[in-house]
Amino acid sequence: MAGWQQGPREAGTVPVHVQVIDLEPFALDMTLPTYLPSSDLTQRVARDAGLGAYWEDGSRRNFYLRARGRLLTSDEKLEDLGIVPHELLHLLPEPPKNSGLEERAPEYPPNAGYSVAGNLAAAGGLTTVLTWTALWAMALTVQPSWWVGLLPGIGLALLATSFSRHLWGGLGSSAQIPVTGLLVYLPLMLLAAVPAFMLGNVGVMDLLLVLGPAFIGGVVGVMLSWLAWYGAVEPLPDVRIKDVQEAAAAVTWPCGICGGAVTSDVKADCVFACGRVFHQGCYRAKQSLGDGTTCAVCGYQPA
């Protein structure tokens with residue numbers, strides 16, 4: 001079974017379950033190429049699913065592919081997402097014309113950025129770190145044991161990493177955050193042990209038994225805090241409505257007559273639905289030379 005699953009992926013394809021979200025939804029199992037961009041893949045899926053690629057007037061119908069909770073952009077590929085065999089995909093066809101349904105751009109939550117960045121947040125984080133260090137030092141003078149070194153050390157490491165994030169502007173995935181957090185934690189760990197040592201509550205060997213667990217707890221705390229601030233594994237793209245409109249306007253097709261780029265504002269589809277796209281001027285000039293019953297470009301005639 002394992003060899004059968006790996007075979008399609010090695011050949012550049014992957015078996016998937018496709019759920020078609022249409023007026024009459026249905027599902028089918030397909031084997032799709034992982035190297036095709038989404039714009040080409042949706043047309044292939046629509047064809048194999050028996051969905052019409054053109055409207056009655058000959059204009060092309062649009063389809064969208066949804067995977068792992070979001071719509072794929074036109075140039076994304078399944079191999080970019082690391083799609084696994086038998087994963088669920090959704091095909092979203094453009095609603096039929098005159099059906100009363102209206103296609104809306106996807107609504108993403110507003111991205112307000114890092115709301116607590118700035119000098120005030122950094123100063124507050126530093127105050128919290130120093131306060132925790134003072135309380136830890138008091139605890140060590142009363143009970144200089146390994147667990148009083150370990151548990152408060154983990155807490156201080158969490159706070160030091162949080163302070164580091166404020167200091168660097170809030171980018172959770174930056175490697176500067178754990179490095180800075182550890183550099184802040186280590187001198188504070190030693191500082192917390194100074195009062196107990198100066199008061200004679202702990203000897204050199206006992207101090208090492210306290211600082212050893214404290215160091216281990218600090219490393220663990222820094223890594224846990226960094227992972228907590230790191231962010232989503234697959235964050236949603238920062239897409240605005242303006243970006244969606246600009247991306248749609250930037251789509252071009254090759255003209256079936258002159259070969260130049262056709263934008264949406266000058267696009268003309270073959271009235272006989274042969275599948276070609278033309279400049280409006282090129283198509284009108286070419287059609288004027290024909291008899292009006294066939295496509296003057298390729299001679300296609302509907303049955």
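Structure shown above.
So, how was this worked out
- Residues numbered from 1 in each chain as written.
- Predicted model: local features only at pLDDT ≥ 70, side-chain atom pairs only at ≥ 80, totals over all residues.
- Heavy atoms only, no water.
- Helix = DSSP H or I, 4+ residues; strand = E, 2+ residues; numbered from the N terminus.
- Contact = heavy atoms within 4.5 Å.
- Areas by Shrake-Rupley, 256 points an atom, 1.4 Å probe, with all protein chains shown as cover.
- Buried < 20%, exposed > 50% of the residue type's maximum accessible area, 1.4 Å probe, protein only.
- Arc of directions from axis to C-beta.
- Phe/Tyr/Trp six-rings, centres within 6.5 Å; stacked < 30°, edge-to-face > 60°.
- Pairing = 2+ DSSP bridges.
- Core = buried A, V, L, I, M, F, W, Y, C linked by side-chain atoms within 4.5 Å.
- Salt bridge = Lys/Arg side-chain N within 4 Å of Asp/Glu carboxyl O.
- Axes fitted to C-alpha atoms, helices over the stretch in contact; angles between N-to-C directions.
- Left-handed = near helix turned anticlockwise from the far one by under 90°.
- Nonpolar A, V, L, I, M, F, W, Y, C, P; charged D, E, K, R; others polar.
- Patch = residues over 30% accessible without salt bridge, like charges linked within 9 Å, V, L, I, M, F, W, Y side chains within 5 Å.

A word on the overall build of the chain
Consideration 1: In terms of regular secondary structure, the chain is built from nine helices and nine strands.
Consideration 2: Restricting to contacts in the chain with at least 6 residues of sequence separation, those with at least 24 account for 54%.
Consideration 3: For the chain, the computed accessible surface area is about 17600 Å², with 61% contributed by carbon and sulfur atoms.

Considering helix H2 (residues 38–48)
Consideration 1: For H2, the set of buried residues is Ser38, Leu41, Thr42, Val45 and Ala46. One side of H2 carries all its buried residues, which in axial view fall inside an arc of 135°.
Consideration 2: Next to the buried residues of H2 lie strand S1 (13–20), strand S2 (26–33), strand S3 (63–67), helix H3 (78–81) and strand S5 (87–93).

Thoughts on the packing of aromatic side chains
Consideration 1: Overall, the coordinates contain two aromatic pairs when judged by the stated rule.
Consideration 2: When the ring of Trp136 is compared with that of Tyr185, the centres are 6.5 Å apart and the planes differ by 20°; the resulting orientation is stacked. You can see Trp136 sitting in helix H4 (residues 119–142) and its partner Tyr185 sitting in helix H6 (residues 176–198), a full 49 residues away along the chain. Side by side, Trp136 and Tyr185 carry an identical accessibility label, which is buried.
Consideration 3: With 4.8 Å between their ring centres and 15° between their planes, Phe278 and Tyr283 make a pair best called stacked.
Consideration 4: You can call Phe278 buried: its relative accessible area is 0%.
Consideration 5: Judged by its relative accessible area of 7%, Tyr283 is buried.

Some remarks on the sheet that holds strand S4 (residues 70–71)
Consideration 1: The five strands are arranged S2-S1-S5-S3-S4 in an open sheet whose pairing can be described as mixed. Since the sheet does not close on itself, it has two edges, and those belong to S2 and S4, each with one partner.
Consideration 2: The sheet contact formed by S1 and S2 spans eight bridges and is antiparallel. Paired with Pro15 across the bridge in S2 is Thr31.

Here's the deal with the nonpolar core
Consideration 1: Membership of the largest hydrophobic core comes to 23 residues, with the highest contact counts inside it found for Trp136, Leu140, Leu156, Tyr185 and Met189.
Consideration 2: For this core, the secondary structure elements donating two or more residues are H4, helix H5 (146–167), H6 and helix H7 (204–230).
Consideration 3: Looking at this core element by element, the count peaks at seven residues for H6.
Consideration 4: Beyond its immediate stretch of four places on either side in the chain, Met189 contacts Trp136, Leu211, Ala214 and Phe215.
Consideration 5: One finds Val14, Phe63, Leu72 and Leu89 within the second-largest nonpolar core, a separate group that totals 20 residues.

Some points on the pattern of salt bridges
Consideration 1: On inspection of all chains with the given rule, the structure shows three salt bridges.
Consideration 2: Here Arg47 and Asp48 are joined by a salt bridge, their closest N and O atoms 3.4 Å apart.
Consideration 3: Given a relative accessible area of 58%, Arg47 falls into the exposed group.
Consideration 4: Residue Glu87 pairs with Arg68 through a salt bridge whose shortest N-O separation is 2.8 Å. Highlighted residues: Glu87 in strand S5 and Arg68 in the loop between S3 and S4, separated in sequence by 19 residues.

A short note on the packing of H4 against H6
Consideration 1: One way to put it is that H4 packs onto H6 with a least axis distance of 7 Å and a crossing angle of 35°. Crossing hand, H4 versus H6: right-handed. Of H6, the residues touching H4 (which contributes Val129, Leu130, Thr133, Trp136, Ala137, Leu140 and Thr141) are Tyr185, Leu188, Met189, Ala192, Ala193, Pro195 and Ala196.
Consideration 2: Across the contact of H4 with H6, the residue classes break down as 12 nonpolar, two polar and no charged.

Overview of the side chain of His279
Consideration 1: Position of His279 relative to the elements: it lies in strand S9 (residues 277–279).
Consideration 2: With sequence-adjacent residues up to four places away left out, His279 is seen in contact with Cys255, Cys258, Gly260, Ala261, Val262, Val266 and Ala268.

Here we look at the environment of Met189
Consideration 1: By the element assignment, Met189 lies in helix H6.
Consideration 2: Looking at Met189, the relative accessible area reads 7%, which means it is buried.
Consideration 3: In this structure the C-alpha to C-alpha distance between Met189 and Ala214, which are 25 residues apart in sequence, comes to 7.3 Å.

What to know about a nonpolar patch on the surface
Consideration 1: Together, Leu158, Phe215, Ile216, Val219, Val220, Met223 and Leu224 line one region of the surface with nonpolar side chains, adding up to about 570 Å² of accessible area.
Consideration 2: Of all the elements, H7 adds the most residues to the nonpolar patch, at six residues.
Consideration 3: Structurally, the position occupied by Val220 is in helix H7.
Consideration 4: Residue Val220 is classed as partly exposed on the basis of its relative accessible area of 39%.

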